Every structure is written in structure tokens, then in C-alpha cells.
Amino acid sequence: MVEIDKKIIRAYALKNAVEHEGRAVVGSVISGLFNHGLTKERVKEIMPVLNAVIREVNAISISEQEKEYKELEDLIGHRPERGDALPELENVSKTGIVTRFSPSPSGPMHLGHILTGMLSSLYVKRYGGKFYLQIEDTNADNIYEPAYKMLKEDADWIFGNVSEVIIQSDRMKVYYKYIEKLFDLESIYVCTCDSEDFKKLVDSQKSCPCRNLDKKENLRRWKKMLSKTGYSEGEAVIRFKSDLNDPNPAFRDFPLVRINLTKHPRQGKKYRVWPLMNLCVTVDDIELNKTHIIRAKEHRDNATRQKMIYKALGLLDKYPNVYFLGRYNFTDLAISDSKTRKAIEEGKFTGWDDIRLPFVVPLRKRGYQPEAFEKIVTQRGISEVDKVISQKDFFEVLNNFNREVLKDNTRKADFEKCDEKQANLVILMPDASKVFAKSKIKPKKDEVVYFDKFGYARNNSSDSKAKNAKPTFWFCHE
Ligand SMILES: [Zn+2]
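Residues numbered from 1 in each chain as written. Predicted model: local features only at pLDDT ≥ 70, side-chain atom pairs only at ≥ 80, totals over all residues. Heavy atoms only, no water.

Points about the pattern of salt bridges
Taken as a whole and assessed by the stated rule, the structure comprises 26 salt bridges. Where Lys 152 meets Asp 156, a salt bridge forms, and the shortest distance between an N and an O atom there is 2.7 Å. Residue Lys 152 and its partner Asp 156 are both found in helix 6 (residues 147-158); the two are separated by 4 residues, about one turn of the helix. Put simply, Lys 392 and Glu 396 hold a salt bridge, and the shortest N to O gap is 3.8 Å. Residue Lys 392 and its partner Glu 396 are located together in helix 15 (residues 391-407), separated by 4 residues, close to a single helical turn. A relative accessible area of 47% places Lys 392 in the partly exposed class. (Salt bridge = Lys/Arg side-chain N within 4 Å of Asp/Glu carboxyl O. Helix = DSSP H or I, 4+ residues; strand = E, 2+ residues; numbered from the N terminus. Buried < 20%, exposed > 50% of the residue type's maximum accessible area, 1.4 Å probe, protein only.)

Quick word on the sheet that holds strand 1 (residues 97-101)
On the basis of which strands lie adjacent, the open sheet formed by 3 strands has the order 1-2-3 and parallel pairing. With partners counted over all chains shown, the strands left at the sheet margins are strand 1 and strand 3 (164-167), one partner each. For this sheet the average axis-to-axis angle between neighbouring strands, irrespective of direction, equals 30 degrees. Across 4 bridges, the pairing between strand 2 (residues 129-135) and strand 3 is parallel. (Pairing = 2+ DSSP bridges. Axes fitted to C-alpha atoms, helices over the stretch in contact; angles between N-to-C directions.)

Considering the pairing of strand 2
Summarising burial for strand 2: 5 of the 7 residues are buried, a large majority. Pairing analysis gives 5 bridges linking strand 1 to strand 2, with the strands arranged parallel. Of the residues in strand 2, the one forming a bridge with Phe 101 is Leu 133.

Some words on the coordination of the zinc ion
Coordination angles at a metal have ideal targets, namely 109.5 degrees for four tetrahedral donors and 90 or 180 degrees for six octahedral donors. Of the protein atoms, only Cys 191 (SG), Cys 193 (SG), Cys 208 (SG) and Cys 210 (SG) coordinate the zinc ion, at distances of 2.2 to 2.4 Å. Coordination at the zinc ion is tetrahedral, judged from the 4 donor atoms that bind it and the angles of 102 to 116 degrees they form at the metal. Along the chain, the residues donating to the zinc ion are arranged with the sequence spacing C-x1-C-x14-C-x1-C. (Donors = N, O, S within 2.8 Å, 3.2 Å for Na, K, Ca; no water. Tetrahedral: all angles 85-135°; square planar, octahedral: opposite > 155°, others 65-115°.)

Some details on the packing of helix 1 (residues 6-19) against helix 4 (residues 62-76)
Geometry of a packed helix pair, given as the angle between the helix axes and the separation of the axes. Axis separation between helix 1 and helix 4 bottoms out at 8 Å; the angle between their running directions is 125 degrees. As summarised for this structure, helix 1 and helix 4 are arranged oblique, according to the angle between their axes. The chirality of how helix 1 crosses helix 4 is left-handed. Across the interface between the two elements, Lys 7, Ile 8, Arg 10, Ala 11, Tyr 12, Leu 14, Lys 15, Ala 17 and Val 18 from helix 1 touch Gln 65, Glu 66, Glu 68, Tyr 69, Leu 72, Leu 75 and Ile 76 from helix 4. In terms of residue class, the contact of helix 1 with helix 4 is built from 10 nonpolar, 1 polar and 5 charged. (Parallel < 35°, antiparallel > 145°, perpendicular 65-115°, else oblique. Left-handed = near helix turned anticlockwise from the far one by under 90°. Contact = heavy atoms within 4.5 Å. Nonpolar A, V, L, I, M, F, W, Y, C, P; charged D, E, K, R; others polar.)

Take a look at the structure:
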């Protein structure tokens with residue numbers, strides 16, 4: 001049997017406190033102990049010690065916690081999580097990894113985001129380091145203003161370990177600096193060709209007349225892009241000088257910067273020249289010392305383009321370790337920010353939190369725990385193969401994991417503190433009386449919330465299905 005003594009408990013409590021601004025929480029510490037080999041039978045026995053240790057740990061300062069944790073850290077070691085199938089990443093240094101999750105602010109975070117971003121989050125949890133939420137907002141035409149706030153809130157809840165939020169449009173000075181550097185290296189040029197003409201030329205591996213302009217003329221054109229009286233939208237782009245003989249035409253002299261006169265929701269009319277995604281991402285990865293990137297495989301070509309920019313800057317040795325993920329292709333669910341937004345405006349949904357929608361807030365409302373998603377992405381691992389799945393099958397797996405998470409007792413402590421007003425969804429378990437014994441919540445029998453075939457919660461006691469539904473798990477809204 002694995003030894004779980006007071007010292008081990010203290011180590012896990014300190015770890016949890018250090019990772020969460022000085023406050024350890026019973027549920028999380030128990031999770032850690034389960035990973036260490038604690039069995040359910042022993043939970044009751046260790047609870048008094050655990051509660052006492054947590055009180056002690058939470059009473060000391062973060063610096064004291066950190067100091068003591070350093071001494072006890074080795075007791076815990078870097079144990080793989082229970083059932084953890086995630087492979088090790090390559091080239092991980094002692095200080096951990098630096099990685100990112102980069103949504104565009106076109107809507108709140110959805111299921112697809114969770115399934116790709118979660119892996120990066122999990123690896124930072126495993127190795128330590130930094131996890132940036134990087135909001136890609138240099139295309140003013142693709143911004144839904146409330147999404148800035150929503151994405152941050154969603155990421156904080158679902159990942160729980162975002163180190164810093166980077167908003168790209170706040171970093172224009174940095175991008176401009178790199179544009180000037182790339183002009184200086186003669187790796188980019190201002191192209192004023194008609195896009196159709198340009199395409200014809202590169203498709204036949206020929207350069208456009210702008211490609212061979214000297215530095216001086218390029219800088220003159222760059223100033224003309226920046227000037228209000230200069231080029232207008234669509235009249236000039238900055239292109240990267242790649243290999244015109246590249247077998248893939250999409251890699252030949254791709255654009256990096258363009259003029260966009262749409263008023264930016266955050267920056268207003270401050271800028272007219274906007275770097276495109278590939279440039280911003282590369283600059284941010286360089287400036288923030290990213291070491292590992294896990295991204296959807298549809299970005300494979302962009303990763304290639306970004307690597308070309310690293311190379312032009314002479315920074316190829318700093319290029320991060322990149323991993324690609326296949327998609328979840330739902331056979332019966334299309335996730336679209338813009339379509340959902342329209343449907344909400346038309347009154348087809350009550351809002352972004354409508355529980356029929358596959359976005360973070362409604363999933364949270366339905367009682368899903370972040371750990372259930374962790375389990376689903378862990379089970380899949382880093383796979384480049386697309387997974388074709390129906391909603392029913394997906395939610396069946398997710399429901400099983402969620403039940404497992406909730407059964408682990410990890411939420412019980414939080415639950416006991418809840419009062420009726422905080423309880424959002426309560427799903428009775430077979431031994432509900434025990435679960436609710438110490439709680440102020442006294443749910444009535446007809447308050448059963450069940451999940452329909454799509455996994456959506458319904459709370460309609462007159463519905464015969466609700467009456468016959470097998471209670472699955474309870475959830476207490478934090
Ligand atoms: Zn040109």
C-alpha cells in the first residue's frame with residue numbers, strides 16, 4: 001500500500017497553495033493524493049489530518065509556502081497522473097515549457113477550443129512554465145468585442161492555469177519593429193501588384209516587379225502604406241520573400257502585412273497597417289520565448305511559414321517544438337461563432353449561455369467539470385488523425401468522465417459550503433441523502449435534472465422522461 005502520511009499530505013497541500021495564489025483547496029489536494037495512490041476507502045480516515053494541514057498551510061504566507069514546498073517537492077516527484085496517457089514532450093528544460101493558446105476574438109470559447117487548448121494547458125501543469133492566452137485580434141473585420149472578456153473568463157475556468165493574456169493589437173509597436181528589421185534584412189517587400197496578376201506570376205514561379213526593388217524604395221513604399229494620404233486598402237501588401245520554386249504555391253511570397261481601414265474595436269483608428277496572423281504569431285513566439293506549440297493540424301502550413309520567418313531573422317535555433325492535432329469532426333454539430341451570434345440575435349437561443357450551445361459557459365452550466373475535458377483529451381493524446389464522432393457518442397464519453405470526476409469526492413468540500421442560491425444544477429445521485437446530509441441544500445425529488453440524448457440538461461418535472469431518468473451526478477455551481 002502506498003504510504004500517505006502527514007508529510008505527503010502537506011507536500012500536496014503546499015503544491016496546491018503555491019499554484020493557486022496561496023490557497024489550497026480540499027478537493028484539489030485530494031485529487032493529488034489520489035494520483036499518489038490514495039484509495040477511496042482511506043479518504044475518511046485522512047480527512048481530519050487533511051483539513052488541519054490545509055488550515056495550517058493557508059495560514060502562512062506564499063513565500064513561506066514556496067520555501068517549504070521546495071523542501072518537500074521531492075516527496076511528490078513528477079508523477080504521471082492516474083491514467084495519464086499523454087506522452088512526454090521533447091526538449092523540456094528544467095524550468096518547464098512556454099506555450100500558448102491563440103483564439104481570435106470572434107466569439108467566446110467553444111468545444112473545439114477546449115479540445116485543442118487543453119493539451120497545452122495540461123503540459124504546463126505537468127512541467128511548469130508559462131501558458132499564454134494569446135488573443136489574435138489584428139483583423140478588425142473578425143472581432144466581436146465582448147469576446148475579449150469572455151475568452152479570458154472561459155480560459156480561466158476551463159484551463160485554470162493561464163499565466164498571462166496577450167492581446168496582439170496592443171503590441172503593434174513590437175510588430176512594426178520587426179517589419180523594419182525584416183526590411184533591413186531584405187526579407188520582405190511592398191507589393192502593389194493586383195492580386196490576380198500576382199497569383200499568375202507566382203503560380204508560374206516568376207517574381208513580380210516589386211520583388212527586386214531596393215531597400216530605399218521599399219522604405220518609401222512602407223511610409224506610403226503608413227500615411228493617411230498614401231496607399232489605400234488593397235493597394236499594397238508586404239510580402240515575405242520565400243522560395244519561388246517552392247513546390248507548394250501557397251508558400252511562395254505569402255503576405256505578412258496589409259492595410260485595413262475598418263475601425264478596430266479596441267484601437268479605433270490608431271493604425272491603418274495591420275500585420276497578418278503569421279507575422280504576429282512569429283513575433284510573439286520569439287519575444288515571449290515559446291518553447292513548445294501544440295496546435296490544430298490545419299495550421300501546419302502556417303507553421304511552415306512561421307519557421308521561414310524565424311530562419312530569415314537568423315533565429316532558427318529558437319524555433320519551438322511544434323506538435324499538431326487532428327480535429328474532432330462532429331457528424332451532427334457545426335460550431336460557428338458567427339452563425340451562433342446571428343441565431344442569438346434572431347432569438348433562436350437565449351444567449352451565449354444557452355445550454356443547447358457547445359460553448360464553455362453553457363457546458364459549465366450543464367455541470368461539466370474541467371477535469372472531464374482533461375480526461376477526454378488525455379485519452380486521445382497528441383494525435384494527428386481526425387476523429388469523426390457524433391454528439392451522442394462524444395457526450396457519452398464526456399458524461400462518463402464527468403461522473404468519474406464528481407464521484408472522486410473532490411467537489412464535496414465545495415459542495416458542503418454551498419447554499420441553495422448557489423446550486424445551479426443539482427442532479428441527484430442514488431445515495432443522494434448521504435451526499436446532501438451535511439448540506440444546506442435540500443433538493444426536492446422533482447428537482448431532478450436529466451440529460452437528454454444530446455447531453456442537454458432539462459429541468460422539467462412534468463416531463464415523464466425526467467421522472468424516469470436515471471439520476472447521474474450532482475453538480476454545485478461555484
Ligand atoms: Zn508586386
